[in-house]
Amino acid sequence: MPHFAKPAEGSWTEHYPDLGTALVNYEDSISPEFYELEREAIFRRTWLNVGRVEQVPRVGSYFTKEIGVLGTSIVVVRSASDQIRAFHNICRHRGNKLVWNDFPREETSGICRQFTCKYHGWRYGLDGGLTFVQQEGEFFDLDKADFGLVPVECDAWEGFIFVNFDRDNATPLRDYLGEFGRGLEGYPFGELTQVYKYRAEVGSNWKLFVDAFVEFYHAPVLHAKQAVADESQKLQRYGYEALAYQLDGPHGMVSSWGGMSPPKDVNMVKPIERKLRSGLFGPWDDYLDAEPPPALNPARSPVWGMDSFHFFPNFMVLPYFPNWVITYNYWPTSYNSHIFEGALLFVPPRNAFERLQQELTAVTFKEYALQDGNTLEATQTMLESRAVSEFPLNDQEILLRHLHRTARQYVADHQRRQPGTPVQISAVS
Ligand code: FES
Ligand SMILES: [Fe+2]
């Protein structure tokens, strides 16, 4: 059962007895063998967020997405019947990547009536059907109906587009997203069309960056220089404690204080924040009149500022006031590297002042994210030394404990489904 306030007795972690409180083994973040298993066990079996509906506004709008962890690329398109569809981005003739611009490994987007292969000119409709074969008469009993694009399961939740590569076994998306998904429905995501995006290639396992964004125990220390000196000292003295943690299936959330937005006393923040009435927690002026949906601020705290929802495996949604949101996606590229994507979604500004408020938030976020990202390679390289393999996680790190356990469970379940496959990661139990 979810807990909405700090349990009277014990800790957050102890209220989920399955988690235990033992040291946590990080072999799952440094083992190439474990990563190979994760590819099939996790990424080929779960719903993966690849974008938003605003990226495909009209019939024929499309974008491609490199899914390196599964060694493929997909094209997401709004079809003639106004449905959002996804296909493997491969031509059925001789395997050329179908949609790309100048550089085949780079993602692209646009609008078209049909997809034409650059190699020999085969054409596909927006629904994936093969519509034209160059010199069709040269082929042998070729039935175009048999050579459509290979579909990928695709669905949208609250405007977020997800794909699932396990067409036969995919749980319906809304069911997969569980209580958190249902509890966030109604948030005005669709009105947040002013978007700032960041992308970084990071030299760490994907889970280490999720780790860094599902605990704020680090915040008073790692981000100490972001606050004015007095506040920084206070934050370090008192440390960080979340308002609430909840787990639901493979997913988790942490609810967090937002007392600086606005601050009780403007001297608590930097001059630029005072002038622009904005900062890490976004513009202080709430200019979208919307009721927060029930999943937000589960502790119903008067000092609530934002919630971080982690949808397993690699997607996070962070609603702040009901007027802006951050999303994170982590795309593994190897056992010790991944691509990080961060997006800030705002209501379009009505004037230059609001624009500057948003830009201050966007650059402040970048500074924090760089500080977070900066530790990741330092952690990865030393984890790989295996000088130490088990680590104590505290109560504010409950979501990390849950994430690593969930990853191990997916891998173990995958191995159980394949009788005869030896358990290769004996150290990871
Ligand atoms: S590979 Fe696409 S038309 Fe030949
Ligand atoms: Fe951080």
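Residues numbered from 1 in each chain as written. Chains lettered and ligands numbered in written order. Predicted model: local features only at pLDDT ≥ 70, side-chain atom pairs only at ≥ 80, totals over all residues. Heavy atoms only, no water.

Trainee: Please provide a residue-by-residue account of the environment of Pro 332, values included.
Mentor: Tracing the sequence through the fold places Pro 332 in strand β17 (residues 324-334). On the basis of relative accessible area, Pro 332 is assigned to the buried category, the value being 1%. (Helix = DSSP H or I, 4+ residues; strand = E, 2+ residues; numbered from the N terminus. Buried < 20%, exposed > 50% of the residue type's maximum accessible area, 1.4 Å probe, protein only.)

Trainee: Can you explain the packing of aromatic side chains? Please cite residues and give values.
Mentor: Applying the stated criterion to the full structure yields 31 aromatic pairs. Aromatic pair Phe 216 and Tyr 240: ring centres 5.6 Å apart, planes at 65 degrees, arrangement edge-to-face. Pair noted here: Phe 216 is in the loop between α3 (206-213) and α4 (219-222) and Tyr 240 is in the loop between α5 (229-238) and β13 (244-248), with a separation of 24 residues, a long-range link. Summarising the burial analysis for this pair, Phe 216 and Tyr 240 share the class buried. Arranged with centres 5.1 Å apart and planes meeting at 15 degrees, the rings of Trp 324 and Phe 346 form a pair that is stacked. One end of the pair, Trp 324, is in strand β17; the other, Phe 346, is in strand β18 (residues 337-346), with 22 residues separating them in the sequence. (Phe/Tyr/Trp six-rings, centres within 6.5 Å; stacked < 30°, edge-to-face > 60°.)

Trainee: Residues and numbers for the domain arrangement of the protein, please.
Mentor: As assigned here, the protein comprises domain 1 (12-42 + 183-417) and domain 2 (48-170). Computed from C-alpha atoms alone, the centre-to-centre distance between domain 1 and domain 2 is 32 Å. For the pair domain 1 and domain 2, the number of links is one salt bridge. The residue Lys 65 makes a salt bridge to Glu 341 at a minimum N-O spacing of 2.6 Å. Between domain 1 and domain 2 we count five residue pairs in polar contact (both at pLDDT 80 or more) in total. Taken together, the elements giving at least two residues each to the side of domain 1 that touches domain 2 come down to α1 (32-43), β17 and β18. Looking at which element gives the most residues to the side of domain 1 that touches domain 2, the answer is β17, with four residues. (Domains from an automatic or database assignment. Salt bridge = Lys/Arg side-chain N within 4 Å of Asp/Glu carboxyl O. Polar contact = N/O pair within 3.5 Å; in protein donor to acceptor, adjacent residues only side chain to side chain.)

Trainee: Outline the packing of α1 against helix α8 (residues 398-417), listing residues and values.
Mentor: For the pair α1 and α8, the least separation of the axes is 9 Å and the interaxial angle reads 80 degrees. By the angle class used here, α1 and α8 are roughly perpendicular. Between α1 and α8, the residues in contact are Phe 34, Leu 37, Glu 38, Glu 40, Ala 41 and Ile 42 and Ala 407, Arg 408, Tyr 410, Val 411, His 414 and Gln 415, respectively. Class assignment of the residues belonging to the contact of α1 with α8 gives a composition of seven nonpolar, two polar and three charged. (Axes fitted to C-alpha atoms, helices over the stretch in contact; angles between N-to-C directions. Parallel < 35°, antiparallel > 145°, perpendicular 65-115°, else oblique. Contact = heavy atoms within 4.5 Å. Nonpolar A, V, L, I, M, F, W, Y, C, P; charged D, E, K, R; others polar.)

Trainee: Any chance you could break down the coordination of the iron ion (ligand 2) for me, citing the residues and the numbers?
Mentor: Every protein donor of the iron ion (ligand 2) is accounted for by His 218 (NE2), His 223 (NE2), Asp 372 (OD) and Asp 372 (OD), and the metal-donor separations fall at 2.1 to 2.6 Å. In this structure, the iron ion (ligand 2) is coordinated by four donor atoms arranged in irregular fashion, with angles at the metal of 54 to 140 degrees. Here the donor residues of the iron ion (ligand 2) share one chain and are spaced in sequence as H-x4-H-x148-D. You can see His 218 sitting in the loop between α3 and α4 and its partner Asp 372 sitting in helix α7 (residues 352-385), a full 154 residues away along the chain. (Donors = N, O, S within 2.8 Å, 3.2 Å for Na, K, Ca; no water. Tetrahedral: all angles 85-135°; square planar, octahedral: opposite > 155°, others 65-115°.)

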